[in-house]
Amino acid sequence: MFSLDTFHQTYETKPSTVTINGKSITILKPLSIDRFMDNGDIMNNFPLWCKLWESSWVLANHLSALPPDPENTILEIGCGLGLAGIAAAMAGHRVTMSECNADALNFARANAMTNGLPDLAVEHLDWEAPRLTGRFGTIVGSDTVYNVETIDVLEALFDRYLLPGGTILLADIVRQTSVSFWERMQKGYRVKAKHHTLSSDEGDIHVVLFRLERKPGR
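Residues numbered from 1 in each chain as written. Predicted model: local features only at pLDDT ≥ 70, side-chain atom pairs only at ≥ 80, totals over all residues. Heavy atoms only, no water.

J.: How do you make sense of the overall build of the chain when you look at a structure like this?
T.: Along the chain, the regular secondary structure elements total six helices and nine strands. Taking 2.2 N^0.38 as the reference for a compact globule, 218 residues should give roughly 17 Å; the C-alpha atoms of the chain span a radius of gyration of 17 Å, in line with that estimate. A principal-axis box enclosing the C-alpha atoms of the chain has dimensions of 50 × 40 × 35 Å. When burial is assessed residue by residue, the chain has 46% of its 218 residues classed as buried. For the chain, the proportion of contacts with a sequence separation of at least 24, taken over those separated by at least 6, is 68%. Surface summary for the chain: the accessible area is close to 11200 Å², and the carbon and sulfur share equals 50%. (Helix = DSSP H or I, 4+ residues; strand = E, 2+ residues; numbered from the N terminus. Rg over C-alpha atoms; globule rule 2.2 N^0.38 Å. Buried < 20%, exposed > 50% of the residue type's maximum accessible area, 1.4 Å probe, protein only. Contact = heavy atoms within 4.5 Å. Areas by Shrake-Rupley, 256 points an atom, 1.4 Å probe, with all protein chains shown as cover.)

J.: Sorry if this is basic, but what is going on with the sheet that holds strand β7 (residues 162-173) here?
T.: Sheet strands line up and pair through hydrogen bonds in the backbone, either parallel or antiparallel. With mixed pairing, the seven strands of this open sheet are ordered in space as β5-β4-β3-β6-β7-β9-β8. Looking along the sheet, the strands with just one partner apiece sit at the ends: β5 (121-124) and β8 (189-200). Across the sheet, the mean angle from the axis of one strand to that of its neighbour is 20°, orientation sign disregarded. Sheet topology places strand β4 (residues 94-99) next to β5; four bridges connect them, and they run parallel. What sits directly across from E99, in β5, is H124. (Pairing = 2+ DSSP bridges. Axes fitted to C-alpha atoms, helices over the stretch in contact; angles between N-to-C directions.)

J.: Where do I start with helix α4 (residues 102-114) in this structure?
T.: Because the α-helix completes a turn every 3.6 residues, residues three or four places apart line up on one side. Between its first and last C-alpha, α4 extends 18 Å over 13 residues, near the 18 Å set by a 1.5 Å rise per residue. Burial in α4 covers these residues: A104, L105, F107, A108, A110, N111 and A112. Tucked inside the fold, the buried residues of α4 contact α1 (4-10), β1 (13-20), β2 (23-30), α3 (83-90), β4 and β5. If you check the start of α4, you find a side-chain oxygen 2.8 Å away from the backbone N of D103, and it comes from N101. The first or second residue beyond α4 is G116, which carries a positive phi of 75°. (Expected span 1.5 Å × (residues − 1). Polar contact = N/O pair within 3.5 Å; in protein donor to acceptor, adjacent residues only side chain to side chain.)

J.: How should I be thinking about the environment of T197 in this particular structure?
T.: Take T197: it is sitting in strand β8. When its relative accessible area of 41% is taken as the criterion, T197 is described as partly exposed. Residues contacting T197, with those up to four places away along its chain left out, are D204, I205 and H206. Polar side-chain contacts of T197 include one of 3.5 Å to the side chain of H206.

J.: Sorry if this is basic, but what is going on with the nonpolar core here?
T.: Buried together is how nonpolar side chains tend to be arranged in soluble globular proteins. Residues I25, L59, L83, M97 and L120 are the most contacted members of the largest nonpolar core, which totals 42 residues. At the level of elements, β1, β2, α2 (54-65), α3, β4, α4, β7 and β9 (203-214) are the ones that each hand at least two residues to this core. In contact with I25, not counting residues within four places along its chain, are S16, T17, V18, I20, L83, I86, A87, M90 and N115. Formed by 24 residues, the second largest nonpolar core is a distinct cluster that contains L75, L154, F181 and F210. (Core = buried A, V, L, I, M, F, W, Y, C linked by side-chain atoms within 4.5 Å.)

J.: Help me out: how do you make sense of the pattern of salt bridges in this one?
T.: Any two side chains of opposite charge can pair, so long as their charged atoms come close to each other. Across all of its chains, the model carries seven salt bridges by this definition. A salt bridge links R175 to D172; the shortest N-O distance between them is 3.4 Å. Given a relative accessible area of 28%, R175 falls into the partly exposed group. With its nearest N and O atoms 3.6 Å apart, the salt bridge here joins E213 to R190. Of this pair, E213 sits in strand β9 while R190 sits in strand β8, and the two are 23 residues apart along the sequence. R190 gets classed as partly exposed once you look at its relative accessible area, which sits at 43%. Connected through salt bridges with shared partners, the residues D143, D172 and R175 form a single ionic network. (Salt bridge = Lys/Arg side-chain N within 4 Å of Asp/Glu carboxyl O.)

What follows is the structure, given as structure tokens:
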């Protein structure tokens with residue numbers, strides 16, 4: 001049984017408070033990423049989930065602004081620390097957050113509980129060997145299209161988990177794989193894209209929010 005007490009005994013964390021559409025959300029982040037890295041090969045399963053990425057902010061703001069539909073269910077793939085899913089759940093949406101990494105799952109669960117959402121579903125989902133049951137009206141994710149090989153895996157995941165007539169919302173930083181994703185998905189989906197520019201100390205960050213709906217007959 002997961003508990004915040006056990007979580008805090010296991011991990012050293014630092015809280016970060018963010019505001020999404022006027023609501024404060026507290027996100028617990030690892031104090032250091034060192035324990036989650038492969039010292040023999042730092043690029044092997046690098047713990048990207050440890051950071052609040054700009055794309056998750058864009059997705060969180062978008063979802064929290066949507067009117068909740070009690071009949072709709074949302075699956076977040078690769079939820080990381082859980083910002084987008086928590087923001088959506090706080091806005092009244094029915095959300096299941098998912099991750100593959102065990103530590104990321106623990107942080108997502110802890111962040112849900114920290115924000116008063118102890119019943120928010122947080123499930124294990126391996127994209128290449130999915131065992132999660134059920135289908136969903138909306139699939140969402142941020143920074144999911146990080147290499148070309150991922151596109152094949154994502155397309156299979158959409159086919160497995162998206163209900164007929166459902167919608168996919170993905171926020172990704174502008175990169176070459178975003179273009180490849182756009183081109184591939186247009187074959188079977190109606191694709192719309194909205195560009196967002198975020199300011200940071202390092203300069204402007206460009207994020208694209210993709211909205212996909214299956215074409216008739218697919």
